[in-house]
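# Remarks on the overall topology
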Amino acid sequence: MRGNGPTSLTLALNKPGLVAGVDEAGRGPLAGPVVAAAVVLDPRRRIHGIRDSKQLDAAEREELALKIMQHALAWSVAWADVEEIDCLNILEATYLAMRRALMGLHLCPAHVEIDGNRCPSFAGLGLDCTFEAIIDGDALRRSIGAASILAKVRRDAMMVDLDRLYPQYGFAVHKGYGTPQHCAMLENFGPSPIHRRSFEPVRLAAERCRAVA
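Read on for an overview of the structure.

Calculation notes
Residues numbered from 1 in each chain as written. Predicted model: local features only at pLDDT ≥ 70, side-chain atom pairs only at ≥ 80, totals over all residues. Heavy atoms only, no water. Helix = DSSP H or I, 4+ residues; strand = E, 2+ residues; numbered from the N terminus. Rg over C-alpha atoms; globule rule 2.2 N^0.38 Å. Contact = heavy atoms within 4.5 Å. Phe/Tyr/Trp six-rings, centres within 6.5 Å; stacked < 30°, edge-to-face > 60°. Buried < 20%, exposed > 50% of the residue type's maximum accessible area, 1.4 Å probe, protein only. Pairing = 2+ DSSP bridges. Salt bridge = Lys/Arg side-chain N within 4 Å of Asp/Glu carboxyl O. Core = buried A, V, L, I, M, F, W, Y, C linked by side-chain atoms within 4.5 Å. Polar contact = N/O pair within 3.5 Å; in protein donor to acceptor, adjacent residues only side chain to side chain. Disulfide = S-S within 2.5 Å.

## Describing the overall build of the protein chain
Across its full length, the protein chain holds 8 helices and 6 strands. Beginning at the N terminus, the succession of helices and strands in the protein chain can be written as β-β-β-α-β-α-α-β-β-α-α-α-α-α. Taking 2.2 N^0.38 as the reference for a compact globule, 213 residues should give roughly 17 Å; the C-alpha atoms of the protein chain span a radius of gyration of 18 Å, in line with that estimate. Long-range contacts, defined as pairs at least 24 residues apart, comprise 64% of the intrachain contacts of the protein chain with a sequence gap of at least 6.

If you want it as structure tokens, here you go:
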């Protein structure tokens, strides 16, 4: 988990009027973690260009990520690893990463906006704020858009690092998504330790590898 404040589960008192945006990156890939970010933007300091990370190229995302980390009132990035994804399922692992990201903030906002059609459970975390799920929130809310940028930039960097450990799969290029190149390498080499074995293409590739062993 990374952020600009303590990662303790004890948050500061509720801050009236402040909104946190929460979004994830990496639900769909066949490999690697799912990453979430939480961002509280400074309403007095607008950062131009924030929008859904999928509408930005890599250079634009990285430039905006630096601005967000420099000028936001608070930000936090967290993730759930492959073992948690396979144990919990991808949806629950995504919610786990979101909870971790929100709890990594050094202040507690009054309201939390979450990309999607439902909110994770925050029961028992001691958060004194309201929650709202917003479909296409990364395009509609600047706070969620900022979170989507941080989550995407961090996950891409993690996959580049993992590419150095498992260079045969091309993670630095496709970031773990099921591209034709990735699927071909999965067939040739079988799953790596960072592949999501609960995902059907990975499970089938593992079975084929066992059959020919």
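The discussion continues.
## A word on the packing of aromatic side chains
Within the structure shown, the criterion is met by 3 aromatic pairs. When the ring of tyrosine 169 is compared with that of phenylalanine 171, the centres are 5.4 Å apart and the planes differ by 20°; the resulting orientation is stacked. Comparing tyrosine 169 with phenylalanine 171, the two get one shared label, buried. Put simply, the rings of Tyr169, Phe171 and Phe189 touch in pairs and so form one group of aromatic residues.

## Quick notes on the pairing of strand S3 (residues 34-40)
Taking burial as the measure, the 7 residues of S3 include 7 buried ones, the bulk of the element. Residues Val34, Ala36, Ala38 and Val40 of S3 are buried on one face, and the alternating residues Val35, Ala37 and Val39, pointing to the opposite face, are buried as well. The pairing of S3 with strand S4 (residues 74-80) spans 7 bridges and is classified as antiparallel. By the bridge assignment, valine 34 is partnered in S4 with alanine 80.

## Some thoughts on the pattern of salt bridges
Tallying each qualifying case throughout the model produces 11 salt bridges. The partner of glutamate 63 in a salt bridge is lysine 67, with the nearest N and O atoms 3.6 Å apart. You can see glutamate 63 and its partner lysine 67 sitting in helix H1 (residues 58-71), 4 residues apart, about one turn around the helix. Judged by its relative accessible area of 48%, glutamate 63 falls in the partly exposed class. Put simply, arginine 203 and glutamate 207 hold a salt bridge, and the shortest N to O gap is 2.5 Å. With arginine 203 and glutamate 207 both in helix H8 (residues 200-212) and 4 residues apart, the pair spans about one turn of that helix. Note on arginine 203: relative accessible area 31%, which makes it partly exposed.

## Re the nonpolar core
Generally speaking, soluble globular proteins have nonpolar side chains that are buried together. Counting 33 residues, the largest nonpolar core has Val22, Val40, Leu102, Leu105, Val112 and Leu127 as the members making the most contacts within it. Secondary-structure elements contributing two or more residues to this core are strand S2 (14-25), S3, S4, helix H3 (90-103), strand S5 (108-115) and H8. Sorting elements by how many residues they give to this core places H3 first, with 9 residues. If you look at the next biggest cluster of nonpolar residues, it comprises 20 residues, including Val39, Leu64, Leu150 and Ala151.

## Things to note about the side chain of aspartate 42
Residue placement: aspartate 42 occurs in the loop between S3 and H1. Among the polar contacts listed, one links the side chain of aspartate 42 to the backbone nitrogen of arginine 44, at a separation of 2.9 Å.

## A look at the state of the cysteines
Such a bond, covalent and formed between the sulfur atoms of two cysteines, is termed a disulfide. Tallied over the full model, the rule gives 0 disulfides. Here cysteine 119 is not disulfide-linked; the sulfur of cysteine 129 is the nearest cysteine sulfur, at 10 Å. Judged by relative accessible area, which is 27%, cysteine 119 ranks as partly exposed. Counting only cysteine sulfurs, cysteine 183 is the nearest neighbor of cysteine 209, a cysteine outside any disulfide, at a range of 13 Å. Overall, cysteine 209 belongs to the partly exposed group, its relative accessible area being 28%.

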